[in-house]
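Remarks on the overall topology
In case you want the letters, here they are:
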Amino acid sequence: MSDNAVEMRDLVKTFGGGRRLFGRKASEVHAVKGISLDLQRGETLGIVGESGSGKSTLARMLVGLEAPTSGTMQIDGKPWAELAATGSRAFGRTIQYVFQDPVASLNPRKTIGEILDVPLRLLCGYDAGKRASRKKDLVDAVQMPLDTLERFPHEFSGGQAQRIAIARALAAEARILVLDEPVSALDVSVQAQVLLLLQQLRDDLGLSYLFISHDLAVVESISDRVAVMYLGEVVEVGPAARLFAAPQHDYTRALIASAPRLTSPDMA
Ligand SMILES: Nc1ncnc2c1ncn2[C@@H]1O[C@H](COP(=O)(O)OP(=O)(O)OP(=O)(O)O)[C@@H](O)[C@H]1O
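All residue numbers refer to position in the chain's written sequence, counted from 1. Residue-level local features of this predicted model are given only where pLDDT is at least 70; pairs of side-chain atoms are given and counted only at 80 or more, and the full residue set underlies all totals for whole chains, interfaces and linings.

1. Considering the sheet that holds strand β3 (residues 44-48)
Pairs of strands are assigned from DSSP output, requiring at least two bridges between the strands. Strands are runs of DSSP state E lasting at least two residues, helices are runs of H or I lasting at least four, and both sets are numbered from the N terminus onward. Across the sheet, which stays open at both edges, the six strands sit in the order β6-β7-β8-β3-β9-β10 with mixed pairing between neighbours. The strands lining the two open edges of the sheet, one partner per strand, are β6 (95-98) and β10 (233-239). Within this sheet the neighbouring strands show an average axis-to-axis angle of 20°, counted without direction. Here strand β7 (residues 176-180) pairs with strand β8 (residues 208-212) via five bridges, running parallel. When the bridges of β8 are listed, Val178 appears paired with Leu210. Fitted lines through C-alpha atoms serve as axes, helices being fitted only where they are in contact, and the angles separating the N-to-C directions of these axes extend from 0 to 180 degrees.

Written out as structure tokens, the structure is:
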């Protein structure tokens, strides 16, 4: 088995381009243009880049929500194509996606217990007893009280809702998380708490994170390495401390120069 949690080779995603009425070709969007990148086991790989640079498209391909136009991926040692052929369950037990807006990502009509029940039932096939004990463990892991399970999403703050969304992502024991702007909707003090929780979970459970954000201070505080995306390509990748202290590529320099303030005291 590969040593890497994720391997991407020559990954391309092009949208559109099909034939239109009267045979004229629709214009193509080259969202991802030949990316080769590894996520090592146990690491947090930050992905930065301006809006439209292809970060979300890359993430959506990894978790099986989009198919690549060409190129290959290995997820937790398994070929992406094999996971795709097996169906969404295989993805769900291997790699999970955490979205930016935690409250919107939780079904408002279900209790947290019912929400956590879904992956435990559908992805793991656990019986009722096992599901009940796993649910307790999951809320405990994200440092929420046990009565969380009986409550509804609207009863929680954004930070608490994101903890619950993280618990759901961990339910089926996937060891790779794609975190797409996971703290962008939260206040700065709450951001720091959620980032700390993510780091603790990563270390305790041996998780690997692909951490997408436009916020360079957040990415610098949590990432081991950082990849910089620009117009669908990775223009620079390197250890976080080196990349921010001594950027090699002009685009990385411009991105850092345009950031409001890179090292926030809250993150130190
Ligand atoms: N389903 C789609 N159909 C057509 N074009 C798309 C589709 N999804 C994304 N794109 C285009 O692909 C490019 C990359 O978009 P993507 O959302 O991956 O960028 P991003 O870096 O995640 O941006 P943001 O930070 O705003 O989410 C953009 O030009 C976008 O308009």
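2. Regarding helix α7 (residues 158-171)
Its 14 residues give α7 an end-to-end C-alpha distance of 20 Å, which sits within 8% of 20 Å, the value for a rise of 1.5 Å per residue. Exposure in this text rests on C-beta crowding, where 20 or more other C-beta atoms within 10 Å of a residue's own make it buried, 12 or fewer make it exposed, and counts in between make it partly exposed. The C-beta atoms are placed from the backbone. With 12 of its 14 residues buried, α7 lies for the most part within the structure. Those residues of α7 not exposed but buried are Gln160, Ala161, Gln162, Arg163, Ile164, Ala165, Ile166, Ala167, Arg168, Ala169, Leu170 and Ala171. Any residue pair is listed as a contact if its two C-beta atoms, each placed from the backbone, are within 7 Å. Tucked inside the fold, the buried residues of α7 contact β6, α4 (102-105), α5 (112-122), α6 (128-141), β7 and α8 (188-205). Trailing α7 by a residue or two, Glu173 shows a phi angle of about 65°, which is positive. For a helix, the expected span equals 1.5 Å multiplied by the residue count minus one.

3. As for the environment of Arg60
Among the secondary structure elements, Arg60 is positioned in helix α1 (residues 55-62). In sequence terms Arg60 and Leu116 are 56 residues apart; their C-alpha atoms lie 22 Å from each other. Ignoring sequence-local partners within four residues, the contact set of Arg60 consists of Leu65 and Glu66.

4. Observations regarding the pairing of β10
By the bridge criterion, six bridges tie strand β9 (residues 225-230) to β10 in an arrangement that is antiparallel. Bridge pairing in β10 links Ala227 to Val237.

5. Examining the site of the ligand
Around the ligand, the surrounding shell holds 13 residues, and the nearest of these are Phe15, Ala31, Ser51, Ser56 and Thr57. Contributing elements (two or more residues each) for the shell around the ligand: β1 (4-16), β2 (28-40) and α1. For the shell around the ligand, the element with the highest residue contribution is α1, accounting for three residues. Amino acids outside the nonpolar list (Ala, Val, Leu, Ile, Met, Phe, Trp, Tyr, Cys, Pro) and the charged list (Asp, Glu, Lys, Arg) are all regarded as polar, and Gly is one of them. Among the residues making up the shell around the ligand, the classes are represented as three nonpolar, nine polar and one charged. Near, as applied to residues and a molecule or strand, means the residue's backbone-placed C-beta atom lies within 6 Å of it.

6. Some points on the confidence of the model for the protein chain
Note that predicted coordinates carrying low pLDDT should not be read in detail. A residue's pLDDT is simply how confident the predictor is in it, with values from 0 to 100. Overall, the predicted model of the protein chain reaches an average pLDDT of 91, with 93% of residues at or above 70. Confidence drops under pLDDT 50 across residues 263-268; counting only partners more than four residues distant or on other chains, this segment forms nine contacts. Scored by ipTM, the complex comes to 0.94, with pTM at 0.91.

7. Some words on the packing of α5 against α6
The geometry of α5 relative to α6 is characterised by a closest axis approach of 10 Å and an angle of 120° between their N-to-C directions. Taken together, α5 and α6 sit at an angle that is classed as oblique. The crossing of α5 and α6 is right-handed. When α5 is examined against α6, the residues Gly113, Leu116, Asp117, Leu120 and Arg121 are found in contact with a partner set consisting of Arg131, Arg134, Lys135 and Leu138. The class makeup of the residues in the contact of α5 with α6 is three nonpolar, one polar and five charged. Roughly parallel covers angles under 35 degrees, roughly antiparallel covers those over 145, roughly perpendicular covers 65 to 115, and oblique covers all other angles. Handedness of a crossing follows from how the near helix is turned relative to the far one, being left-handed for an anticlockwise turn of less than a right angle and right-handed for a clockwise one.

8. A few points about the domain arrangement of the protein chain
Marked domain ranges trace back to an automatic or database domain assignment. What the domain assignment lists for the protein chain is domain 1 (1-94 + 176-185 + 208-268) and domain 2 (101-173). Taken together, the contacts link six residues of domain 1 with eight residues of domain 2. Looking at the side of domain 1 that touches domain 2, its residues break down into three nonpolar, one polar and two charged.

9. Quick notes on the environment of Phe152
In this structure, Phe152 sits in the loop between α6 and α7. Between the C-alpha atoms of Phe152 and Glu43, which are 109 residues apart in sequence, the distance is 33 Å. Ignoring sequence-local partners within four residues, the contact set of Phe152 consists of Pro108 and Thr111.

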